[in-house]
Amino acid sequence: MAYARYVAIGDSQTEGLGDPDGQGGWRGFADRLADVLAHTATDLRYANLAVRGRLAHQVREAQLDAAIALRPDLATVVAGMNDLIRPSFSAAAVVACLEDMFASLTATGARVASLTFPDLSRLSPIMRPLRNRVLDLNAGIRTAAARHGVVLVETFGYSVTTDPRLWSSDRIHASPVGHARIAAAFADALALPGSDSGWSMPLPGTRNRTVADTVAAELRWFSSTLGPWLYRRLRNRSSGHQLTGKRPALAPVTPPAHGPA
């Protein structure tokens, strides 16, 4: 199936943080998926309403109506990571927001795609307490997706999704390789021409680290990422304060001549 209007909503992953575009901005999986879609529909138009730092309820409140107004025939909804790391996290509340977005978008006739979250506890010892949260959230996402016919990318069961090379140094945003894998996973789930399950295969080579390397990495992560995040929380300030979607209107997409990378 060829899509003519693709709209992406969500937080920093959909905005593309961790995947520089070479022009001072961010590319990300949604831009990469749009490139894939443009190879199957030369008249594809694409909008990206995502804003970094947004919680699931903020994505619903600020982006859902705008997305519906653009009359997409394909929409991706990715939110919940920022909720997962909050002390006040409620899987039921996040799932309720996601389900509302699923229901509202599918009711317009749009095909909707989303994803489950990987086992974050495998990325860092500090993230081990998040494992049960991820399990609860994923279970709810699966149920909501099935109820509304949403195409779902499963990431939890694949070891590659927690390979550090797929993640930026902050362990919150995907790296360029990670964003490429996410885009490929969506393409596979949507059965786009030329797509396959190769995205789920392990990267070549191994990344064995000593205990000393692990401790040093944890200390760097605490000072460069966790510390600033805690400071913003104390100030009740989001990383996306006063930002708006990077691509708020539908616009044509010209796919790379060599195909998506």
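Summarised in this report is the structure supplied together with it. (Residues numbered from 1 in each chain as written. Predicted model: local features only at pLDDT ≥ 70, side-chain atom pairs only at ≥ 80, totals over all residues. Heavy atoms only, no water.)

**Thoughts on the overall build of the protein chain**
Part 1: Helix and strand counts for the protein chain stand at 8 helices and 6 strands.
Part 2: Its helices and strands taken in sequence order, the protein chain reads β-α-α-β-α-β-α-α-β-α-β-α-α-β from the N to the C terminus.
Part 3: Counting over 261 residues, the protein chain shows a buried share of 51%.
Part 4: Partitioning the intrachain contacts of the protein chain with sequence separation of at least 6 by distance along the chain shows that 77% fall at a separation of at least 24.
Part 5: Per element, the accessible surface of the protein chain, about 12100 Å² overall, is 55% carbon and sulfur. (Helix = DSSP H or I, 4+ residues; strand = E, 2+ residues; numbered from the N terminus. Buried < 20%, exposed > 50% of the residue type's maximum accessible area, 1.4 Å probe, protein only. Contact = heavy atoms within 4.5 Å. Areas by Shrake-Rupley, 256 points an atom, 1.4 Å probe, with all protein chains shown as cover.)

**As for the pairing of strand 4 (residues 111-115)**
Part 1: Counting buried residues along strand 4, 4 of its 5 residues qualify, which places the element largely inside the surrounding structure.
Part 2: Across 3 bridges, the pairing between strand 3 (residues 74-78) and strand 4 is parallel. If you follow Ala-75 over to strand 4, its bridge partner there is Val-112.
Part 3: With 3 bridges connecting them, strand 4 and strand 5 (residues 151-153) associate as parallel partners. What sits directly across from Ala-113, in strand 5, is Val-151.
Part 4: For the handedness criterion, the β-α-β arrangement of strand 4, helix 6 (residues 131-148) and strand 5 is classed as right-handed. (Pairing = 2+ DSSP bridges. Right-handed = clockwise from strand over helix to strand, strands pointing away.)

**Structural notes on helix 3 (residues 56-69)**
Part 1: In this model, helix 3 (14 residues) spans 19 Å end to end at C-alpha, consistent with the 20 Å of a helix rising 1.5 Å per residue.
Part 2: Check the buried side of helix 3 and you find it contacts strand 1 (5-10), helix 4 (81-84) and helix 5 (91-106).
Part 3: Arg-71, located one to two residues past helix 3, shows a positive phi value of around 50°. (Expected span 1.5 Å × (residues − 1).)

**What to know about the nonpolar core**
Part 1: Counting 41 residues, the largest nonpolar core has Ile-9 and Leu-120 as the members making the most contacts within it.
Part 2: Where this core is concerned, the elements lending two or more residues are strand 1, helix 3, strand 3, helix 4, helix 5 and helix 6.
Part 3: With 8 residues, the single largest contributor to this core is helix 5.
Part 4: Beyond its immediate sequence surroundings of up to four residues, Ile-9 is in contact with Thr-14, Leu-49, Ala-50, Val-59, Gln-63, Ala-67, Thr-76, Val-77, Val-78, Met-101 and Leu-105.
Part 5: Among the nonpolar cores identified, the runner-up in size contains 27 residues, and Tyr-3, Phe-29, Phe-186 and Trp-199 belong to it. (Core = buried A, V, L, I, M, F, W, Y, C linked by side-chain atoms within 4.5 Å.)

**Quick look at the packing of helix 5 against helix 6**
Part 1: Two numbers describe how helix 5 lies on helix 6: the axes approach to 9 Å, and their chain directions differ by 20°. What the angle tells us is that helix 5 and helix 6 run roughly parallel. For the element pair helix 5 and helix 6, the recorded crossing hand is right-handed. Residues Ala-91, Val-94, Val-95, Leu-98, Glu-99, Phe-102, Ala-103 and Thr-106 of helix 5 form the contact with helix 6, whose own contacting residues are Asp-136, Leu-137, Gly-140, Ile-141, Ala-144, Ala-145, Arg-147 and His-148.
Part 2: By residue class, the composition of the contact of helix 5 with helix 6 is 10 nonpolar, 3 polar and 3 charged. (Axes fitted to C-alpha atoms, helices over the stretch in contact; angles between N-to-C directions. Parallel < 35°, antiparallel > 145°, perpendicular 65-115°, else oblique. Left-handed = near helix turned anticlockwise from the far one by under 90°. Nonpolar A, V, L, I, M, F, W, Y, C, P; charged D, E, K, R; others polar.)

**Notes on the pattern of salt bridges**
It is possible for side chains bearing opposite charge to pair when their charged atoms get close.
Part 1: The tally for this structure, following the rule as stated, stands at 9 salt bridges.
Part 2: In this structure, Arg-60 engages Asp-100 in a salt bridge whose closest nitrogen and oxygen atoms are separated by 3.9 Å. Linking Arg-60 in helix 3 with Asp-100 in helix 5, this pair joins segments that are 40 residues apart in sequence. (Salt bridge = Lys/Arg side-chain N within 4 Å of Asp/Glu carboxyl O.)

**Let's talk about the sheet that holds strand 2 (residues 45-48)**
Part 1: Taken in spatial order, the 6 strands of this open sheet run 5-4-3-1-2-6, and their pairing is mixed. Each edge of the sheet is formed by a strand with only one pairing partner; in this case those strands are strand 5 and strand 6 (247-252). If you compare each strand with its neighbour and ignore which way they point, the axes differ by 15° on average.
Part 2: Examined bridge by bridge, strand 1 and strand 2 share 4 bridges and lie parallel to one another. Note that in strand 2 the partner of Tyr-6 across the bridge is Tyr-46.
Part 3: Running at roughly 175° to strand 3, helix 5 makes contact with strand 1, strand 3 and strand 4 of the sheet.

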